[in-house]
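Take a look at the letters that make up each chain.
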Amino acid sequence: GYHKDFFPYIKRGNRWKIGRAKSGVWPPYRWYDLANTSIGTAILFVEGESCADAVLSAGLFAITVQQWSRVEIAHALRLCREQDLSVVYMADNDLPGLKKQEMVCELALQEGVYVKTISVLDFDPDLPKRGDIKDLLDHNQEYVVQRLLSMVDIPIEASATEREASTAGGADWSATRCCLW
């Protein structure tokens, strides 16, 4: 582990408390910042609090989880599903990042959440190992933000009406829940 620079807060009724929810699961980092904001149809899911903060500083919204347990990731995905949000996942440029990406995609299938993944190397093929969205934003924020917005503007989850119409034609949405960009 390492030192965290923040205290996770839980909203219970009208009060905020430091600590875990009654379920024992931390809320996604920055989730409550998003709860009262109109954020569209997709949310960026990144690795680490500093990455979520960097994305927020660039004018976009992102969440992450603190412990990277399967329970915590599934909880975050359920919250996204309940808010009718698709997830755009961006892993760090390293093996742990790819393993987390696999876990997010696997759990998204189980939770019924549509996830697309974006590679940081698509933004900068020379990004060093362990490079992340924060490094990309530090290097060329305007380019990264515009490129992300152009990617997320593409509808990444069909409406219920579109799903019903395509299912009638034989489309199988269950097989397309997670894909690589």
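Rules of the game
- Per-chain numbering applies: the sequence of each chain, read as written, is numbered from 1 onward.
- Totals for whole chains, interfaces and linings use every residue, but because this is a predicted model, local features are given only for residues with pLDDT of at least 70 and side-chain atom pairs only at 80 or more, for both listing and counting.
- Side-chain measures here rest on the full set of heavy atoms in the structure, leaving out hydrogens and waters.
- Helix numbering and strand numbering both begin at the N terminus, where a helix is a DSSP run of H or I of at least 4 residues and a strand a DSSP run of E of at least 2.
- With a 1.4 Å probe rolled over the protein chains alone, any residue whose accessible area is under 20% of its type maximum counts as buried; one over 50% counts as exposed, and the rest are partly exposed.
- Every residue pair with non-hydrogen atoms within 4.5 Å of one another is taken to be in contact.
- Paired rings are identified among Phe, Tyr and Trp, the last through its six-membered ring, by centres lying within 6.5 Å, and are further divided according to the angle between planes into stacked (under 30 degrees), edge-to-face (over 60) and tilted (the rest).
- By the criterion adopted, a ring carries a charge over it if an Arg CZ or a Lys NZ lies within 6 Å of its centre and within 35 degrees of its normal.
- Residue types Ala, Val, Leu, Ile, Met, Phe, Trp, Tyr and Cys, when buried and joined through side-chain atoms within 4.5 Å, form a set referred to as a nonpolar core.

1. Considerations on the overall build of the protein
Thinking step 1. Secondary structure assignment for the protein yields six helices and seven strands.
Thinking step 2. What you see in the protein, going N to C, is helices and strands ordered as β-β-α-β-α-β-α-β-α-β-α-α-β.
Thinking step 3. A burial count over the protein gives 43% of its 181 residues as buried.
Thinking step 4. Here the analysis covers contacts within the protein between residues at least 6 apart in sequence; of these, 63% occur between residues at least 24 apart.

2. A word on the packing of aromatic side chains
Note on aromatic pairs: each is described by the distance of the centres and the angle between the planes.
Thinking step 1. Enumeration according to the criterion identifies four aromatic pairs in this entry.
Thinking step 2. Here F45 and Y89 contribute two aromatic rings whose centre-to-centre distance is 5.5 Å and whose plane-to-plane angle is 75 degrees, an arrangement assigned as edge-to-face. Separated by 44 residues along the polypeptide, F45 in strand 3 (residues 42-46) and Y89 in strand 5 (residues 86-91) bring together distant segments of the chain. Each member of the pair, F45 as well as Y89, carries the same accessibility label: buried.
Thinking step 3. By the ring-pair criterion, three or more aromatic residues cluster together here, those being F45, W68 and Y89.
Thinking step 4. Note that R147 overlies the ring of F123, its terminal NZ or CZ placed 5.0 Å from the centroid.

3. Side note on unusual backbone geometry
Thinking step 1. A positive phi angle, close to 80 degrees, is found at R30, a residue other than glycine.
Thinking step 2. Relative to the helices and strands, R30 resides in the loop between strand 2 (15-18) and helix 1 (31-35).
Thinking step 3. Residue R30 is classed as partly exposed on the basis of its relative accessible area, which comes to 26%.

4. Looking at the nonpolar core
Thinking step 1. Counting 24 residues, the largest nonpolar core has L44, M90, F123, I133, L137 and L148 as its most contacted members.
Thinking step 2. Where this core is concerned, the elements lending two or more residues are strand 3, helix 2 (49-57), strand 5 and helix 5 (133-152).
Thinking step 3. Ranked by residues supplied to this core, first place goes to helix 5 with seven residues.
Thinking step 4. Dropping the residues within four chain positions of it, I133 is found in contact with V46, C51, V55, M90, V120, V144 and L148.
Thinking step 5. F45, V65, I73 and L77 belong to the second-largest nonpolar core, a separate cluster that totals 22 residues.

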